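Observations on the model geometry
Residues per chain, in single letters:
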Amino acid sequence: MPNTEVFEQTESQIEWPADLTELSAYKKADTLSLADAYAALSKDPVYTPVMHAAWLQTVAEGASGSPVHIQSAEGVLNGFVHIQRGQTLQLIVDLEYTPAQINNEALVYRLNENRRIKLNEVHYLDHPKFGVVAKVSQL
């Protein structure tokens, strides 16, 4: 599977899809199934959780869902998550993390990954500077 980890770029390299949909356009999930994981990470001083989101999105069999724009309130995390449902389920993540400025220049770390996943499994996508914990469930 394609996987790239980009270090210390100074501007965004994301190729934004034309059919990008804002996260706010989707109904929020009633429960956050990874709430316990988020709480555990929040208590550990080694980690700084940036964002926790869950939404309801319909993806027909053999189709591709709309890419969902993901952006933290502070703007340090920006990118998209995309689900494709064919013979296998694919999770495509293209996110950039911009934690702080160094010498008046913002460093951008990029995680661009396409991973085959299974429903209801927790997946960890990692970059040395940040990571994503993801779970896709069927309603």
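The following paragraphs examine the structure supplied in this document. Quick caveat: nothing in here was measured; it's all calculated off a predicted structure.

**Here's the deal with the overall build of the chain**
Assigned secondary structure in the chain consists of one helix and 11 strands. Shown N-terminal to C-terminal, the secondary structure of the chain runs as helices and strands in the order β-β-α-β-β-β-β-β-β-β-β-β. The C-alpha atoms of the chain give a radius of gyration of 15 Å, which matches the 14 Å a tight globule of 139 residues would have. Oriented by its inertia axes, the alpha-carbon framework of the chain measures out at about 50 × 35 × 30 Å. Within the span of the chain, comprising 139 residues, buried residues form 32% of the whole. The contacts of the chain with a sequence gap of at least 6 include a subset with a gap of at least 24, amounting to 48%. Across the chain, the mean location of the 10 positive side-chain charges is 10 Å away from that of the 17 negative side-chain charges.

**A look at the environment of Ala 53**
Mapped onto the elements of the fold, Ala 53 is located in the loop between helix H1 (35-43) and strand E3 (63-64). We classify Ala 53 as partly exposed; its relative accessible area is 34%. On a C-alpha basis, the gap between Ala 53 and Ala 29 in space is 8.6 Å, while along the polypeptide they are 24 residues apart. Ignoring any residue separated from it by four or fewer positions in sequence, one finds Ala 53 in contact with Leu 23 and Leu 32.

**Description of unusual backbone geometry**
Its identity as a non-glycine residue notwithstanding, Asn 120 has a phi of 65°, on the positive side. Turning to its location among the elements, Asn 120 is positioned in the loop between strand E9 (108-117) and strand E10 (122-127).

**What to know about the packing of aromatic side chains**
Evaluated as defined, the whole model comprises two aromatic pairs. Judged by centre distance (5.4 Å) and plane angle (40°), the ring pair of Tyr 97 and Phe 130 falls under tilted. Here Tyr 97 is found in strand E6 (residues 89-97), whereas its partner Phe 130 is found in strand E11 (residues 130-135), with 33 residues between them in sequence. Across the pair, exposure class does not vary: Tyr 97 and Phe 130 are buried alike.

Conventions adopted
Residues numbered from 1 in each chain as written. Predicted model: local features only at pLDDT ≥ 70, side-chain atom pairs only at ≥ 80, totals over all residues. Heavy atoms only, no water. Helix = DSSP H or I, 4+ residues; strand = E, 2+ residues; numbered from the N terminus. Rg over C-alpha atoms; globule rule 2.2 N^0.38 Å. Buried < 20%, exposed > 50% of the residue type's maximum accessible area, 1.4 Å probe, protein only. Contact = heavy atoms within 4.5 Å. Lys, Arg positive; Asp, Glu negative; His and termini not counted. Charge placed at Lys NZ, Arg CZ, Asp CG, Glu CD. Phe/Tyr/Trp six-rings, centres within 6.5 Å; stacked < 30°, edge-to-face > 60°.

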